[in-house]
Amino acid sequence: MSSRRLITPSERSKLDPFVVATGDASPRDQRDLMERPFFSLAKAKRTAPIVYQAGDVRVEVYAVPEHGMATIWDADVLIWAASQIVEAENLGLKTSRFLRFTPYQLMTAVGRQTGARDYKLLKGALARLQATVIRTSIRQDEHWRRHQFSWINEWEECARRDGRVQGMEFVLPDWFYRGVVDRSLVLTIDPAYFSLTGGIERWLYRVARKHAGRQPKGWIFEIAHLHAKSGSLVRVSDFALQIRRIAVRQPLPGYQLHIEREAHRELLRIVPSKLSTSPVDSAVEALGTPHANGIGIPHAGLSGLRTHDSYSESNLESNLDSNCCSGPVRLADNADASSFADPPSSKLPSQPSLPLLDDKAGGRR
């Protein structure tokens, strides 16, 4: 009897594509990704896992040796996807986890060059996003305690016979997509974020945007606590030195950093320098705080305390988590690195070709 190979159908065959037809969308980030260690902060390949525990919240990130862990520069792909999905829904268009687009649209939106080398680096980013495995208890109910997924389920490039790429497709995980379509879990970010060159700088801006927001008095963190939240691989002392250097340069758009000391603790105060960072796109109902009683705040007087100013209460649950440093102090990466797009060696056509479309394409824009 001859053996028959089982062919698993692509997930894309079950989804209507969301065709991205424009690059115009305000950058938006997913709150859960902004305050917890989901990405490597260095360009160098990382295979060491991230294991982060704060109260009932647990995050585990695993990488394979072939590709390494997805980096915070690779996360620009997810920021771009979230921005396009929210913008389309604002316009009343249908969206999907299955995105169809041109590389030109993505790279120009996140400040990348469009040379041949940059396109190759983009494919490397997609490979790392697909190969990285995440396990987390975030946004799980009482019966389902752990969710496992990759940042991209599958991806493919569409090319002509002469090799010229006409478009790309990828499928986002349901966990990420649900966190984007729930408007209370999305924040706009400053477009200047994409110009930040250092991994810790980029991570620190996302923490600032999430916690300090637009509060006049900002937010205070203990440096050792920030180190634990970063998932970084350097020693605490080296991490503190990098934070001090960043505070001297003041590179974060819309925020000022101040080093303070309380007894033997070194603190970082993050204060908005201007009210240029936009709020959530629509009115947000306060989130519940089911874990509030179970999350200890041993550094509540210093690390991550929310000032009593006007601020969305939807941050309350995650901010209580931010106060906790119950997990072991972890070790980050170089404070400065280039983005996944280096200077181009050759240019692709300045006008992109749109992806191949069909009559079922949902959310065409």
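Residues numbered from 1 in each chain as written. Predicted model: local features only at pLDDT ≥ 70, side-chain atom pairs only at ≥ 80, totals over all residues. Heavy atoms only, no water.

Chemist: Just checking my understanding: could you explain the sheet that holds strand S6 (residues 133-136) for this structure?
Modeler: Sheet strands line up and pair through hydrogen bonds in the backbone, either parallel or antiparallel. The strand order across the open sheet built from four strands is S3-S4-S6-S7, with neighbouring strands paired in antiparallel fashion. Edge strands, defined here as strands with exactly one partner in the open sheet, are strand S3 (50-54) and strand S7 (147-150). Each adjacent strand pair in this sheet contributes to an overall mean axis angle of 15°, direction not counted. Across four bridges, S6 lies against S7 in antiparallel orientation. Across the sheet, the residue bridging to Thr-136 is His-147, located in S7. (Pairing = 2+ DSSP bridges. Helix = DSSP H or I, 4+ residues; strand = E, 2+ residues; numbered from the N terminus. Axes fitted to C-alpha atoms, helices over the stretch in contact; angles between N-to-C directions.)

Chemist: Would you mind showing me how to read the confidence of the model for the protein here?
Modeler: Reading predicted coordinates in detail is not appropriate for stretches of low pLDDT. The predicted model of the protein has a mean per-residue pLDDT of 76, with 69% of residues at 70 or higher. By mean pLDDT, strand S14 (residues 305-306) is the weakest element of the protein at 38, and helix H8 (residues 236-249) is the strongest at 97. Confidence drops under pLDDT 50 across residues 276-338; counting only partners more than four residues distant or on other chains, this segment forms 174 contacts. When the criterion is pLDDT under 50, residues 341-365 qualifies, and its contacts beyond four places in sequence or with other chains add up to 69 contacts. (pLDDT = per-residue confidence, 0-100. Contact = heavy atoms within 4.5 Å.)

Chemist: Quick question: what am I supposed to make of the environment of Leu-15 here?
Modeler: Along the chain, Leu-15 falls in the segment before strand S1 (18-19). We classify Leu-15 as partly exposed; its relative accessible area is 21%. Considered as a pair, Leu-15 and Arg-97 are 82 residues apart in the sequence and their alpha carbons are 7.7 Å apart. The residues touching Leu-15, leaving out its near neighbours within four places in the chain, are Ser-96, Arg-97, Phe-98 and Val-171. (Buried < 20%, exposed > 50% of the residue type's maximum accessible area, 1.4 Å probe, protein only.)

Chemist: Before we go on, may I ask you to explain the nonpolar core in this structure?
Modeler: Grouped together as the largest cluster of nonpolar side chains are 77 residues, with contacts concentrated most on Phe-38, Leu-99, Trp-151 and Phe-170. Here this core takes nine residues from helix H2 (residues 76-90), the largest share from any one element. Setting aside residues no more than four positions away along its own chain, Phe-170 makes contact with Val-77, Trp-80, Ala-81, Arg-97, Phe-98, Leu-99, Phe-101, Leu-126, Ile-152, Glu-154 and Trp-155. (Core = buried A, V, L, I, M, F, W, Y, C linked by side-chain atoms within 4.5 Å.)

Chemist: I keep staring at unusual backbone geometry and nothing clicks. Help me out?
Modeler: In most cases, non-glycine residues show a negative phi, while peptide bonds are predominantly trans. The phi dihedral of Gln-250 is positive, around 50°, even though this residue is not glycine. Note on placement: Gln-250 falls in the loop between H8 and strand S12 (255-262). A relative accessible area of 24% means that Gln-250 is categorised as partly exposed. Backbone geometry at Ala-263 places phi at a positive 60°, although glycine is not the residue there. Turning to its location among the elements, Ala-263 is positioned in the loop between S12 and strand S13 (265-272). Residue classification places Ala-263 among the exposed residues on the basis of a relative accessible area of 77%.

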